[in-house]
Amino acid sequence: MPKDSGIGASSKRREDVRFLTGAGNYTDDINVHGQAYVHFLRSDIAHGRIKSIDTSAAEGMPGVVKVFTGKDFEGVGGMPCGWEVTDKHGAPMQEPPHPILAQGKVRHVGDPIAAVVADSLEQARDAAEAIDLDIEELPAVMNMKAAAQDGSTLVHDDLKNNICYDWQLGETDDAKVDEVFANAAHVTTLDLVNNRLVANPMEPRVAVGEYKRGTDDYTLFTTSQNPHVIRLLMCAFVLGLPEHKVRVVAPDVGGGFGTKIFHYAEEAFCTFAAKACNRPVKWTSSRSEAFMSDAHGRDHVSKIELALDADNNFIGLRTNTYANLGAYLSTFSSSVPTWLHGTLMAGNYKTPVIQVNVKAMFTNTVPVDAYRGAGRPEATYQLERVVDKAARELGVDPIALRRQNFITQFPYDTPVALTYDTGDYNGTMDKLEVAADLAGFAARRAESEANGKLRGLGINCYIEACGIAPSNIVGMLGARAGLYDAATVRVNATGSISVMVGAHSHGQGHETAFPQVVADMIGIDESMVEIVHGDTSKIPFGMGTYGSRSLAVCGSAMVKATEKVIEKAKKIAAHLLEASEADIELKDGQFSVAGTDKSVAWGDVTLTAYVPHNYPLEVEPGLEETAFYDPANFTYPAGAYACEVEVDPETGQVTVEAFNAADDFGNIVNPMIVDGQVHGGIGQGIGQALLENCAYDENGQLLSASFMDYAMPRADDVPFYGVDHSSQTPCTHNPLGVKGCGEAGAIGSPPAVVNAVLDALNSGGKAVEHIDMPVSPSRVWAAMNS
Amino acid sequence: MTKVSMTVNGKTVSGDVEGRTLLSGFLRENLNLTGTHVGCDTAQCGACVVHVNGEAVKSCNMLALEADGADVGTIEGQANQDGSLNVIQQAFQDHHGLQCGFCTPGMVMSAAALLKENPRPTEAEVRKYLEGNLCRCTGYHNIVKAIMAASGQDVSSIAAE
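This one's a predicted model, so the numbers in the text were calculated from it and none came from an experiment.

Caption draft 1: Representation of the overall build of chain B within the structure. Summing up its helical and strand segments, chain B has five helices and five strands in all. Reading the secondary structure of chain B in the N-to-C direction produces β-β-α-β-β-β-α-α-α-α. A globule of 161 residues ought to have a C-alpha radius of gyration of about 15 Å, and chain B, at 16 Å, matches this closely. Along the longest, intermediate and shortest principal axes, the C-alpha atoms of chain B span 55 × 35 × 25 Å. Put simply, chain B has 161 residues, and 58% of those count as buried. Sequence-distant contacts, at least 24 apart, represent 58% of the contacts inside chain B between residues at least 6 apart.

Here it is in structure tokens:
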């Protein structure tokens, strides 16, 4: 029977009530008395040298408070990068400055040049049009391979070239890798593109800066996944403010998907300008502005080679990737193509020799950073495409080929720096075969063919590394931050509990799922526990929500803090019950003396903690505990996905007919929420595979800068999904045994969709070797008819 | 500035607006009805859907002045008289039809308009009707399921919630 409360129950989300009644509190819903509005004048060319900026006319326009340019920020730090990658020769990555407002050059369409603060947004916009710009246009650096050549135009004049780093992981001895490939019975090679995407959370970014002269305090309201990270970066690296004078609030946030992790220039600007203008300053991104200022995702061009022996065992893997970083280093951009990508190239397979090579490139495009999955989708896509291609070339069943090469012994040290603690890849594949009725595929294909359609089945396996991760390890790899998290469990006198957490909920349902854990541990009703998040003045210093880490890392801190609370409460209960602490048991909200009928209720103990009249003198009054948790390892969710598509041979139109996911997330707190996370990831993955493409022309003009041009998946582009997470190998190193589920869908689905399309295009007499995402009708039609 | 008057969620309201003020802006800024969200600038996302004289309308695509004298309904007016969730809202909660909540007001308002004209829509009809409402969180699965459930259909055979 499913549980109806606590860990394992599909508790309905309490936050839904405010969202369903229009009572949410998103950043754009916040207006501060006396606020002015800022409009950013952004570059409409990809690359140019700023000759002059004349703001005099704009300054005289109605309602204008102040006009800012790069000159106003010359004494201020630039936007920092949080991860220093070391290249394969041991040198640090090239790290160019990233000013708040452009200085000297503009480097991408959307690069902010000037900012107008005015009484109204309309007045700010009108005045921005009166700014006179003289910018000498320069050739745009767009093609990554060309950009890597000597003599290419430089995005940053002070750098030696456009290569941020040339990085390698795995086998360093090229000759050894060459030898593996030379001795292989079969080598499968694939060149592919992982298309540039825009995360597009439905809520555009917003920032409201406020400064209080009387106390010299700042408040920044912002659409962030990690308010403490924003405060630290902005204070320490950009504005030089003491952290204790700055409060960062991320209230209800309308989706993030990674793109709201990063510290953005607009946040620093609004905070800075609030003091400079002595007025609160608000910025609300338009969607078009979001397309040219939110960090983009993916954008890799890769060559992958898989070597197999005569028995079809994987014996070697080599990849060469060009990763686009855009014009500047966004906060965690440098870590994505490296430690979040190269480390996953082993996938679910026991390939003994792996070499990953990545050149990260500066181009005249919007900065690229983490988007749902962040490096792991790029790794999975390459690997699972090449495995499928190998199966086709060898004429073997793609599932059998995968099963044959699965890692089955744990813990497993990969050749690319990770140790998988646990997993059961055959287990998830078994679940998938049943859930997706793979045995019935042949009949369904025959039926489609009878209707004049091609039908394909695509299989994909994935593993991801979540819950990032041990601070000492990531520190060695170049992270400039710790990656622990924190929780404070504050028990109130009457027994209700406020839990202040470093994680941030922007759709994940923490306000419901986290209380399930605490309530379960104590044995009280979930409604007695409430989560507080998103405000640096209320919560302990936590690192926020990304990389499917909230429950695995912050949830672990919450468990530890709750354990401390229970330990102390037992001391108080022992005193009240005149028993030894060692004999006290807590169950269903009652402390009892083992083997007796003596007990005292949770609420009586908590009241005693705050009204300590009859109280153990050696124990401090009150009942509030904080814990920080630094993981011992990553967590390793894994799974197997199956997609069935129909292709219309007349038009090239692809329809997703069925999509099934079998995931292993370890233990699960709220199955309903987990299912929802997988659904959303699959939706985004189908979007990447079939629809979405952030397109630039050769001059660096952004061609897809609105929802008219960037094809977001809509309700009629996707089917109902089948989701199974009954195959569970609990994480071995965190207290809940959880692994994280937020990114799996987006990692596992694109290769399943494309493999299905290629399966269809290799049926009915067709033989198409390759196709790139997005698999649009025109591409499919061209591939079929070339 | 021009004076505009309308009925919003049963109450008569008025305000002074510029000619270029959108209905979404009037609702959010003048009336502080911030449940109506603005997610794009090309009338594609549907987060701003409200009812104008009983029809679902993208309020970012209509001038406030065009709504002069109209009967406007927003998400804030959808709950039952006693404050409890209405059938559609309750179905969204029961079936986890929302995550971040940003598209949700528009989804609920569109769903209400759909069920008014088609009380028992098929899955395909729901999906087709929602083509003007973008959601980035749910993959639409539970939204479609919630709307079908709100129409009184048995959705228990549809895969997991």
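Caption draft 2: Highlighting the confidence of the model for chain B. In the predicted model, chain B carries a mean pLDDT of 96, and 98% of its residues have values of at least 70. We note a pTM of 0.97 for the whole complex and an ipTM of 0.98 for its interfaces.

Caption draft 3: Summary view of the interface of chain A and chain B. At the interface, 47 residues of chain A touch 47 residues of chain B. If you list the elements that add at least two residues to the side of chain A that touches chain B, you get helix H1 (16-20), helix H8 (287-293), helix H17 (671-691) and strand S30 (721-724) of chain A. At eight residues, H17(A) tops the list of elements feeding residues into the side of chain A that touches chain B. Residue composition of the side of chain A that touches chain B, by class: 20 nonpolar, 17 polar and 10 charged.

Caption draft 4: Expanded view of the sheet that holds strand S11 (residues 217-222) of chain A. All names here are of chain A. One open sheet holds the seven strands; their spatial order is S3-S5-S1-S13-S10-S11-S12, and the pairing between them is mixed. Looking at strand neighbours, the two that pair on one side only are strand S3 (64-69) and strand S12 (246-249), the edges of this open sheet. Geometrically, the sheet is characterised by an average inter-axis angle of 20 degrees between neighbouring strands, direction not taken into account. Direction of pairing for strand S10 (residues 206-212) relative to strand S13 (residues 281-284): antiparallel, over a ladder of four bridges. Of the residues in S13, the one forming a bridge with alanine 207 is tryptophan 283. Each of strand S1 (36-42), S3 and strand S5 (112-118) is contacted by helix H3 (residues 121-128), which is oriented at about 30 degrees to S1, the strand it contacts most.

Caption draft 5: Summary view of the domain arrangement of chain B. Residue and element names in this part refer to chain B. Domain boundaries assigned for chain B yield domain 1 (2-77) and domain 2 (87-150). Relative placement of domain 1 and domain 2: their C-alpha centres are 21 Å apart. Elements represented by at least two residues in the side of domain 1 that touches domain 2 include exactly strand S3 (49-52) and strand S4 (55-58). Looking at the side of domain 1 that touches domain 2, its residues break down into seven nonpolar, seven polar and one charged.

Caption draft 6: Examining unusual backbone geometry more closely. Residue and element names in this part refer to chain A. A cis amide bond links phenylalanine 410 to the next residue, proline 411, at an omega of -5 degrees. A positive phi angle, close to 70 degrees, is found at asparagine 312, a residue other than glycine. If you check the backbone angles, alanine 417 has positive phi at about 85 degrees while not being a glycine. Following the sequence through the fold, alanine 417 ends up in the loop between strand S18 (412-413) and strand S19 (419-420).

Definitions and cut-offs
- Residues numbered from 1 in each chain as written.
- Chains lettered and ligands numbered in written order.
- Predicted model: local features only at pLDDT ≥ 70, side-chain atom pairs only at ≥ 80, totals over all residues.
- Helix = DSSP H or I, 4+ residues; strand = E, 2+ residues; numbered from the N terminus.
- Rg over C-alpha atoms; globule rule 2.2 N^0.38 Å.
- Buried ≥ 20, exposed ≤ 12 C-beta atoms within 10 Å, placed from the backbone.
- Contact = placed C-beta atoms within 7 Å.
- pLDDT = per-residue confidence, 0-100.
- Nonpolar A, V, L, I, M, F, W, Y, C, P; charged D, E, K, R; others polar.
- Pairing = 2+ DSSP bridges.
- Axes fitted to C-alpha atoms, helices over the stretch in contact; angles between N-to-C directions.
- Domains from an automatic or database assignment.

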